[in-house]
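# Overview (structure and organization)
Each chain, written out:
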Amino acid sequence: MTSHVRSCILGLLPRATLAALALVSVTASQAQFKVIGTDGKVTYTDREPNTNEGKVIPLGARGAAAPESGPELPFELRQVAIKYPVTLYVTTKSCEPCVSARQLLKQRGIPFNERLVVTAEDSDALLRLTGAQDAPTLTIGSQTLRGLAADVWNSYLDAAGYPRESRLPATYQYRPATPIVEQQAPATTARADARGETRPAAPAAPPAAPTSPGGIRF
């Protein structure tokens, strides 16, 4: 089925000029990097730190880890991914636009996180996060694009500063897609048998998966 795409105005800010490479302490919400020192002390900074200071973790919007896996991203691409992290929301049901959306991002070399709508809980979480239950949905920083329209998506990626041609290392590997809502294993309790011996109770049967996440539109 055809996805409905709403028109919107580009609101992405231009990239800021990089500051000197000095370690400056800032609040976590303002930070672009999290540094775990060799002594275990955690420091947040908005400037590119020296890796000799300890383990450096790039941060995205609202202190979230940038979508990075495998080899370190090239410096310029990493800066864009930190400021405007990309997340793709898709469904596990048959969805050709979802497949095309994934291919578009990979062919352009966009580092992104992929989140799956598997259960009704995932569908509800998608509504809270993006304001709708459309698949595919793309977020670039604070911008939300519902439904696949390649020219619109590319325009937003251009405005964010992502290169048109892939600059990912040849050995780069995307992180596996994960459900929006993490499922927790059911707790087990101990019980005593007729002889007084304590045995772990059998785990509860998992709830039946819904036949279709409510509200998803293709």
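Data block above holds the structure.
A few points on the structure. (Residues numbered from 1 in each chain as written. Predicted model: local features only at pLDDT ≥ 70, side-chain atom pairs only at ≥ 80, totals over all residues. Heavy atoms only, no water.)

### Structural notes on the side chain of threonine 87
Selection criterion: Secondary structure counts use DSSP, requiring at least four H or I residues in a row for a helix and at least two E residues in a row for a strand, with both numbered from the N terminus. Residue exposure (1.4 Å probe, protein chains only): buried if accessible area is under 20% of the type maximum, exposed if over 50%, otherwise partly exposed. By definition in these notes, contact holds between two residues if any of their heavy atoms fall within 4.5 Å.
Within the element layout of this structure, threonine 87 appears in strand β4 (residues 86–91). Of the residues examined, threonine 87 reaches a relative accessible area of 14% and is grouped as buried. Look past the residues within four positions of threonine 87 in its chain and what remains in contact with it is Asn113, Arg115, Thr137, Leu138 and Thr139.

### What to know about the nonpolar core
Quick reminder of the rule: Here, the term nonpolar core denotes a set of buried Ala, Val, Leu, Ile, Met, Phe, Trp, Tyr and Cys residues that are joined through side-chain atoms within 4.5 Å.
Within the largest apolar cluster, 27 residues are counted, with the highest numbers of intra-cluster contacts made by Val86, Leu88, Leu105, Leu138, Ile140, Leu157 and Tyr162. Listed by contribution, the elements that provide at least two residues to this core are α1 (75–83), β4, α2 (96–108), β5 (112–117), β6 (137–140) and α4 (150–160). Residues Tyr89, Val117, Leu126 and Ile180 belong to the second largest nonpolar core, which totals five residues.

### Re the state of the cysteines
Note the threshold: Disulfide assignment relies on a single distance test, namely cysteine sulfur atoms paired within 2.5 Å.
Evaluated as defined, the whole model comprises one disulfide. Between the sulfur atoms of cysteine 95 and its disulfide partner cysteine 98 the distance amounts to 2.3 Å. Judged by the sign of its S-S torsion, about 70°, the cystine formed by cysteine 95 and cysteine 98 is right-handed. This pair shows no difference in class: cysteine 95 is buried, exactly as cysteine 98 is.

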